[in-house]
Structure formats: C-alpha cells, structure tokens
Amino acid sequence: QVQLVESGGGLVQAGGSLRLSCAASGLAFSSYTMGWFRQAPGKEREFVAAITWSGGNIYYADFVKGRFTISRDNAKNQVYLQMNSLKPEDMAVYYCAATTFAAIYKARPDKYNYWGQGTQVTVSS
C-alpha cells in the first residue's frame, strides 16, 4: 500500500519560513519524480515544484522561484519543500505527489500516480 504523508505545515507570519516534508512508503521511491502542489479554497490545485528521481532536474512554478527549494533524500524516502519569504497568497493546503510520467507532465495533477493527504500552510499578514 502506497502512502505519502506530509508534515511541517502550520501558521507563520508573512516573511517567515516553513519546511514541509513528505514521507513515502510502499513504492520504489527512487524511481519516481516527486512533486508539490497546493490548493487554496475555491481555487484549482496548482503546481509548485518537482524533482526528478535523481534530483538532477528540478522545476518550479514562476511564483515560487527564488523563495522555495525542493529536495529529496532517496535513502530516507523523503521529499522536502523549504519555503522562505512566505506571503499571504502562499496560504493553501500543500500536497506531495509521485509520478512515473515524464517530466514534461510535471505540472499536470492528472499525471501523478499517488497523492498525500495534504498539510495546511497558513500565512498571516
């Protein structure tokens, strides 16, 4: 049974930082591209960042470039999202996801095989 479990969300003031973690089990983690998505109330789920199996290729949505950093530790079956300079508009439920599809599909939620349950990030102004 595949499980992706996010942690690290919470309440932070604007300009602050959070580090999200996603622990994976039940899958060949090092074979998957891992992505982070987010969904705010009333909005569609949107792509945040992705990292290929080796960490050799990393992709970010334009709105997080320079502020967020995605990384992975294949030995621990974990992927991380370091979020700095948080803004109120970053407030959302953040999800990690795993895909075997090519990186060209990295921003498409429908191309991800597995999803976590999400972790809430709240940014106060």
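In what follows, the structure referred to is the one given above.
Residues numbered from 1 in each chain as written. Predicted model: local features only at pLDDT ≥ 70, side-chain atom pairs only at ≥ 80, totals over all residues. Heavy atoms only, no water.

Caption draft 1: Geometry of the sheet that holds strand S3 (residues 18-25). Spatially, 4 strands are ordered S1-S3-S8-S7 in an open sheet, and the strand pairing comes out antiparallel. Lying at the two open borders of the sheet, with one neighbouring strand each, are strand S1 (3-7) and strand S7 (68-73). With direction set aside, neighbouring strand axes in the sheet form an average angle of 15°. Relative to S3, S1 runs antiparallel, the two being bridged by 5 bridges. (Pairing = 2+ DSSP bridges. Helix = DSSP H or I, 4+ residues; strand = E, 2+ residues; numbered from the N terminus. Axes fitted to C-alpha atoms, helices over the stretch in contact; angles between N-to-C directions.)

Caption draft 2: Main features of unusual backbone geometry. Positive phi outside glycine occurs at asparagine 77, with the angle close to 55°. Turning to its location among the elements, asparagine 77 is positioned in the loop between S7 and strand S8 (78-83). The backbone phi angle of serine 85 is positive, close to 50°, even though this residue is not glycine. For serine 85, the position within the fold is in the loop between S8 and strand S9 (92-99).

Caption draft 3: Geometry of the packing of aromatic side chains. Taken as a whole and assessed by the stated rule, the structure comprises 7 aromatic pairs. For the ring pair tyrosine 95 and tryptophan 115, a centre distance of 6.4 Å and an interplane angle of 80° mean the geometry is edge-to-face. In this pair, tyrosine 95 sits in strand S9 while tryptophan 115 sits in strand S10 (residues 114-115), placing the two residues 20 residues apart along the sequence. On the basis of an interplanar angle of 80° and a centroid distance of 5.8 Å, the ring pair of phenylalanine 101 and tyrosine 105 is categorised as edge-to-face. What makes tyrosine 105 partly exposed here is its relative accessible area of 32%. (Phe/Tyr/Trp six-rings, centres within 6.5 Å; stacked < 30°, edge-to-face > 60°. Buried < 20%, exposed > 50% of the residue type's maximum accessible area, 1.4 Å probe, protein only.)

Caption draft 4: Geometry of the pattern of salt bridges. Applying the stated criterion across every chain yields a total of 5 salt bridges. A salt bridge links arginine 38 to aspartate 90, with the nearest nitrogen and oxygen atoms 2.9 Å apart. Here arginine 38 is found in strand S4 (residues 33-39), whereas its partner aspartate 90 is found in the loop between S8 and S9, with 52 residues between them in sequence. The same class applies to arginine 38 as to aspartate 90, namely buried. Two residues, aspartate 90 and arginine 67, come together in a salt bridge whose shortest N-O distance is 2.7 Å. Within this pair, whereas aspartate 90 is found in the loop between S8 and S9, its partner arginine 67 is found in the loop between strand S6 (58-60) and S7, the two being separated by 23 residues in sequence. Of the two residues, aspartate 90 and arginine 67, both sit in the buried class. If you follow the salt bridges from partner to partner, you end up with Arg38, Glu46, Arg67 and Asp90 in one network. (Salt bridge = Lys/Arg side-chain N within 4 Å of Asp/Glu carboxyl O.)

Caption draft 5: Fine view of the environment of methionine 34. Note on placement: methionine 34 falls in strand S4. Look at methionine 34 and you get buried, because its relative accessible area is 0%. For the pair formed by methionine 34 and methionine 91, sequence separation is 57 residues and the distance between their alpha carbons is 21 Å. Methionine 34 has contacts with Leu4, Phe29, Ala49, Ala50, Ile51, Ile70, Arg72, Val79, Ala97 and Ala98, leaving out every residue within four places of it along the chain. (Contact = heavy atoms within 4.5 Å.)

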